[in-house]
Amino acid sequence: DFGVVMAATEQCSLCGSYPLKEGETLKLLTLCFPTRSGANGIEALLGLKKRGFGVGWWNGFGGKVDPGETIDQGMVRELQEECGLVAQEYKRRGVLVFKFKGNQQLYAVHV
């Protein structure tokens, strides 16, 4: 199961960007950094990556956007699945697009 994947000439129906070259596909992902105000300023909750890309590193929470989900719905679902938090409010900060050498799959990570 690869989540939402689009083929060449399509645009992202969820955010309206990413024109793709012939043969490229795009996988939509989310990444969330829960924060709160602490005694020493803003604190961020991180999780230890246990499998897949980045295993052993600390990061935010996220994953693939499932078919039929919006990017926001995917972020809320992944956050709850991975650490048990329910997002009350959130702000989009940007999109990171990754393309690995020799791979026609692009990864759009909505932060």
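Going by the structure above, here's the rest.
Every chain is numbered on its own, with residues counted from 1 as its sequence reads. Under the rules for a predicted model, residues below a pLDDT of 70 receive no local features and side-chain atom pairs below 80 are neither given nor counted, while totals for whole chains, interfaces and linings still include all residues. In computing side-chain properties, one takes all heavy atoms of the structure into account and sets aside hydrogens as well as water.

Caption draft 1: Representation of the overall build of the protein chain in the model. By definition, any uninterrupted DSSP run of H or I lasting at least four residues is a helix, any uninterrupted run of E lasting at least two residues is a strand, and each is numbered from the N terminus. For the protein chain, the count of helices and strands is one helix and nine strands. The helix and strand sequence of the protein chain, counted from the amino end, reads β-β-β-β-β-β-β-α-β-β. Think of it in three bands: residues with accessible area under 20% of the maximum for their type are buried, residues over 50% are exposed, and the middle band is partly exposed, with areas taken using a 1.4 Å probe on protein chains only. Each of the 111 residues in the protein chain was classed as buried or not, and the buried ones make up 31%. Approximately 7,600 Å² of the protein chain is accessible, and the part contributed by carbon and sulfur atoms is 54%. Shrake-Rupley sampling with a 1.4 Å probe provides the accessible areas, and residues are treated as covered by the protein chains on show and by no other component.

Caption draft 2: Expanded view of the layout of surface pockets. Approximately 1,000 Å³ is the volume found for the largest pocket. Within this scheme a cavity is a closed region of a 1 Å grid, computed over the protein atoms alone, that accommodates a 1.4 Å probe without allowing it to escape, whereas a pocket is open but has protein on both sides within 12 Å along at least five of seven lines; lining residues each have an atom within 4 Å of a point. Looking at the largest pocket, it is lined by 28 residues, and the ones nearest its centre are Lys49, Arg51, Phe53, Gly62 and Gly63. Looking at the lining of the largest pocket, the elements that each hand over two or more residues are β2 (25-32), β5 (47-48), β6 (58-59), β7 (61-64), α1 (71-83), β8 (95-99) and β9 (105-110). Put simply, Ala, Val, Leu, Ile, Met, Phe, Trp, Tyr, Cys and Pro go in the nonpolar bin, Asp, Glu, Lys and Arg in the charged bin, and everything else, Gly too, in the polar bin. Across the lining of the largest pocket, the residue classes tally to twelve nonpolar, eight polar and eight charged. Grid points are joined across faces, edges and corners, and a volume is the space filled by probe spheres set on the points. Estimates place the volume of the second largest pocket at around 670 Å³. Along its surface, the second largest pocket is lined by 27 residues, and Cys32, Phe33, Pro34, Glu89 and Tyr90 are the ones closest to its centre. At the level of elements, β2, β3 (35-38), β4 (41-44) and α1 are the ones that each hand at least two residues to the lining of the second largest pocket.

Caption draft 3: How the structure looks around a nonpolar patch on the surface. Nonpolar side chains collect at one region of the surface, where Phe33, Leu46, Leu48 and Trp58 lie side by side and expose about 410 Å² of accessible area between them. Along the chain, phenylalanine 33 turns up in the loop between β2 and β3. Under the relative-accessibility criterion, phenylalanine 33 is labelled partly exposed at 36%. What goes into a patch is any residue over 30% in relative accessible area without a salt bridge, connected to like charges within 9 Å or, for nonpolar side chains (Val, Leu, Ile, Met, Phe, Trp, Tyr), within 5 Å. For this analysis, a salt bridge means a side-chain nitrogen from Lys or Arg found within 4 Å of a carboxyl oxygen belonging to Asp or Glu.

Caption draft 4: Representation of the pairing of β3 within the structure. In terms of strand pairing, β3 meets β4 through four bridges, oriented antiparallel. Note on β4: the bridge partner recorded for threonine 35 is alanine 44. In this description, strands pair whenever DSSP reports at least two bridges between them. Hairpin connection of β3 to β4: two residues between the antiparallel strands.

Caption draft 5: Structural view of α1. Here, expected helix span is obtained from the residue count minus one, scaled by 1.5 Å. Between its first and last C-alpha, α1 extends 18 Å over 13 residues, near the 18 Å set by a 1.5 Å rise per residue. Where the residues of α1 are buried, they touch β2, β7 and β9. Within two residues after α1, glycine 84 carries a phi angle of roughly 85 degrees, on the positive side. Here, residues are in contact when the closest pair of their heavy atoms is within 4.5 Å.

Caption draft 6: Focus on the packing of aromatic side chains. Geometry of aromatic contacts follows a simple scheme: Phe, Tyr and Trp rings, the Trp one being its six-membered ring, pair when their centres are within 6.5 Å, and the pair is stacked under 30 degrees between planes, edge-to-face over 60, tilted otherwise. Counting across every chain of the model gives two aromatic pairs. Ring centres 6.4 Å apart and planes at 10 degrees place the aromatic pair phenylalanine 98 and phenylalanine 100 in the stacked group. Aromatic side chains phenylalanine 100 and tyrosine 107 sit 5.8 Å apart centroid to centroid with 70 degrees between the ring planes, which places their arrangement in the edge-to-face category. Among the aromatic side chains, those forming a connected cluster through ring pairs are Phe98, Phe100 and Tyr107.

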